[in-house]
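Working through the structure, step by step
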Amino acid sequence: MAQGAENGPEAPVVRAKARFMRVAPRKARLVADQVRGLPVLEARSLLEFSPRGAARDIGRLIDSAAANAESNHDLVADELYVADIRVDEGPVLRRWRARARGRATRIEKRTSHVSVALTPSEED
């Protein structure tokens, strides 16, 4: 018998990704750490009232993953929780800013790749 077969079917994991988000990964991780492990309803309300700029983008990503769960896996979005959320670095846009005495300094506009995984809660 296969390992884990006696527990029945494994709970589906619904994933969504947002790539090349124009927010620094360090700032997005602050928001992602707040919603990791929360139910989707709590995560939505927390992100809705968060003053951080990345909260809007991460909220839209969680909404997208919940919509994927409803349409592709026949799950109820309100019964899901944020199992995993990861923020990775994307490419850096390098721009130049004029400074005094004919010099220029580099401005780095960082981007992020955010991936989220939702699973049904274990309430049986």
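Scroll up for the structure.
These remarks concern the structure in this document. Here the structure is a predicted model, which is why all the values come from computation and not from measurement. (Residues numbered from 1 in each chain as written. Predicted model: local features only at pLDDT ≥ 70, side-chain atom pairs only at ≥ 80, totals over all residues. Heavy atoms only, no water.)

Think of an α-helix as turning once every 3.6 residues; residues three or four places apart then point the same way. Among the residues of helix 1 (residues 25-35), P25, A28, V31, A32 and V35 are the ones counted as buried. Here the buried residues of helix 1 occupy an arc of 125 degrees about the axis, which is enough to place them on one side. Of the exposed residues in helix 1, those oriented more than 90 degrees away from the buried face are R26 and K27. Looking at the buried residues of helix 1, the elements they touch are helix 2 (40-48), helix 3 (54-73), strand 2 (80-98) and strand 3 (104-120). After helix 1 finishes, the residue G37 shows a positive phi value of roughly 90 degrees. (Buried < 20%, exposed > 50% of the residue type's maximum accessible area, 1.4 Å probe, protein only. Helix = DSSP H or I, 4+ residues; strand = E, 2+ residues; numbered from the N terminus. Arc of directions from axis to C-beta. Contact = heavy atoms within 4.5 Å.)

This part covers the packing of helix 1 against helix 3. Following both chains from N to C, one finds helix 1 and helix 3 inclined at 50 degrees, their axes separated by 9 Å at the closest point. The angle between helix 1 and helix 3 places the two elements in the oblique class. As helix 1 packs across helix 3, the resulting crossing turns out to be right-handed. Contacts between helix 1 and helix 3 involve K27, A28, V31, A32 and V35 from the first element and A54, A55, I58 and I62 from the second. Of the residues that constitute the contact of helix 1 with helix 3, the class distribution is 8 nonpolar, no polar and 1 charged. (Axes fitted to C-alpha atoms, helices over the stretch in contact; angles between N-to-C directions. Parallel < 35°, antiparallel > 145°, perpendicular 65-115°, else oblique. Left-handed = near helix turned anticlockwise from the far one by under 90°. Nonpolar A, V, L, I, M, F, W, Y, C, P; charged D, E, K, R; others polar.)

The subject of this paragraph is the pattern of salt bridges. Across all of its chains, the model carries 6 salt bridges by this definition. For R94, the salt bridge identified is with E108, shortest N-O distance 3.7 Å. On the criterion of sequence distance, the pair formed by R94 in strand 2 and E108 in strand 3 is long-range, its members being 14 residues apart. Between E108 and R110 there is a salt bridge, with the nearest N and O atoms lying 2.9 Å from each other. The class for E108 is partly exposed, based on a relative accessible area of 31%. Through salt bridges with shared partners, a single network forms among R94, R106, E108 and R110. (Salt bridge = Lys/Arg side-chain N within 4 Å of Asp/Glu carboxyl O.)

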